[in-house]
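Commentary on secondary and tertiary structure
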Amino acid sequence: MGVVTVPSPWLVGRDEEVCVLKTVVEQGGAAFLLGEPGIGKSRLAAAAADHALSLGMRVLRGRARPNEVLRPVSEALLSLARDGGLPTDPELAPYRPALARFAPEWRDSTAPDEPLLLVAEGLLRLLGVLGRATGCVLILEDLHDADADTVTVLDHVVGNLATRRVAVIVTARCEQGPMVELARGSRTVVELGRLDRFHVRELAASCLGVDAVSDAVTEQLFRDSEGVPFVVEELLADGCHLRDTNLVPATVVRSIVGRVRRLGPELAELLTVAAVFGRRFPLPVLEKLSGLDRHDLLLRLRPAVASQLIGPDHGAAEWY
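Residues numbered from 1 in each chain as written. Predicted model: local features only at pLDDT ≥ 70, side-chain atom pairs only at ≥ 80, totals over all residues. Heavy atoms only, no water.

Okay, the sheet that holds strand 3 (residues 136-141) next. Reading across from one edge, 2-3-4-1-5 is the order of the 5 strands in this open sheet, with parallel pairing throughout. Lying at the two open borders of the sheet, with one neighbouring strand each, are strand 2 (58-63) and strand 5 (189-191). Strand-to-strand twist across the sheet, computed as the mean angle between neighbouring axes with direction ignored, equals 15°. Bridge count for strand 3 against strand 4 (residues 166-172) is 5 bridges, and the pairing is parallel. Within strand 4, the position partnered with L138 by the bridge is V168. (Pairing = 2+ DSSP bridges. Helix = DSSP H or I, 4+ residues; strand = E, 2+ residues; numbered from the N terminus. Axes fitted to C-alpha atoms, helices over the stretch in contact; angles between N-to-C directions.)

Next up on the list: helix 2 (residues 41-54). Structural remark: α-helix, 3.6 residues per turn; residues separated by three or four positions point the same way. Between its first and last C-alpha atoms helix 2 spans 20 Å; for 14 residues at 1.5 Å apiece the expected length is 20 Å, and the two agree. Check the buried side of helix 2 and you find it contacts helix 1 (15-27), strand 1 (29-34), strand 2, strand 3 and strand 4. Directly after helix 2, the chain includes G56, whose backbone phi takes a positive value near 80°. (Expected span 1.5 Å × (residues − 1). Contact = heavy atoms within 4.5 Å.)

Below, the discussion takes up the pattern of salt bridges. In the structure shown here, the tally under the stated rule is 22 salt bridges. The residue R61 makes a salt bridge to E141 at a minimum N-O spacing of 2.9 Å. Separated by 80 residues along the polypeptide, R61 in strand 2 and E141 in strand 3 bring together distant segments of the chain. Residue classification places R61 among the partly exposed positions, given a relative accessible area of 34%. In this structure, a network of salt bridges that share partners links the residues D89, E91, E121, R125 and R132. (Salt bridge = Lys/Arg side-chain N within 4 Å of Asp/Glu carboxyl O. Buried < 20%, exposed > 50% of the residue type's maximum accessible area, 1.4 Å probe, protein only.)

A few words on the packing of helix 3 (residues 71-82) against helix 5 (residues 116-134). Look at helix 3 against helix 5: their axes get within 13 Å of each other, and the N-to-C directions meet at 40°. Of the possible angle classes, the one that applies to helix 3 and helix 5 is oblique. Helix 3 and helix 5 meet at a crossing whose hand is left-handed. Between helix 3 and helix 5, the residues in contact are V73, L77 and L80 and L123, L126 and L130, respectively. Tallied by class, the residues present in the contact of helix 3 with helix 5 amount to 6 nonpolar, no polar and no charged. (Parallel < 35°, antiparallel > 145°, perpendicular 65-115°, else oblique. Left-handed = near helix turned anticlockwise from the far one by under 90°. Nonpolar A, V, L, I, M, F, W, Y, C, P; charged D, E, K, R; others polar.)

What follows is about the packing of helix 12 (residues 265-275) against helix 13 (residues 283-290). At a minimum axis separation of 11 Å, helix 12 and helix 13 run at an interaxial angle of 130°. Considered as vectors, helix 12 and helix 13 are oriented oblique to each other. In this structure, helix 12 meets helix 13 at a crossing whose hand is right-handed. Only L286, L289 and S290 of helix 13 make contact with helix 12, whose side of the interface consists of L270, V273 and A274. Among the residues making up the contact of helix 12 with helix 13, the classes are represented as 5 nonpolar, 1 polar and no charged.

Here we take up unusual backbone geometry. With an omega of 0°, the peptide bond between V6 and P7 qualifies as cis. You can see P7 is positioned in the segment before helix 1. The phi dihedral of L70 falls on the positive side, at around 55°, and the residue is not glycine. For L70, the position within the fold is in the loop between strand 2 and helix 3. Accessibility expressed as a relative area gives 3% for L70, which makes it buried. Its identity is not glycine, yet Q308 carries a phi of approximately 60°, on the positive side. Following the sequence through the fold, Q308 ends up in the segment after helix 14 (294-306). A relative accessible area of 31% means that Q308 is categorised as partly exposed.

And the structure:
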């Protein structure tokens, strides 16, 4: 076997999703990619960007960060300034003050901020101008971290894309929040599920640069990753497929610790207690240890279920 290639050079098990995104890129409109961390949202967004570039389209990309107002849109539009500035089309003239939020060269420090609706309309007009000749794709990632202003702007833009050669592709975790609510109202929502055994085998072969991997390796990877592509790749990179071990790659540990911390210290402590039992934990015992009754315990655990960190064990009552 050769050197492990992580991430895989090929998108595995996502043919249908790729076709959906290619259609959105070519025809315009909005698509929301929803799924848990490590499921492959960014890889699919990158595939959509590559397809758009191959068609000669303009591609703008931005990523949300917690507590940063309009960060993903600002990041996407800053590339225009680096590449020679915003378009000077007359259609944009009334919206220059609003677009100044994203363009330092248009900013007047003495002028008050324009209403958010004008900012949203200015962005819509700008995307339309950019896409007029060759088409334009705006890719905004990690919008589960988006601030309220970003959600408001995006809501206006995706609701008014008709007749424009513009595609908007959004990635977000499938956690409850305004971004997921906005996605549910969209015509094109792609919810990414975990890989089955067949595709875990295919992904492992792709990473290892071989035609196929053994049943034993496939079963070990499928058991330890539960079909999450990121975990499969990190297990391979760490060499876990070569030894019988319960060790978890450091990259996977950091990812899960970060997700748990987002839920707050009280729930993090509760999950730490649950983890002492291993891959499964019994609700009645956690009730006694936590001092919570069943109703309060389930309420406390609900965000962890929504984040897909835990879930009910359908093969055993009262186990998660």
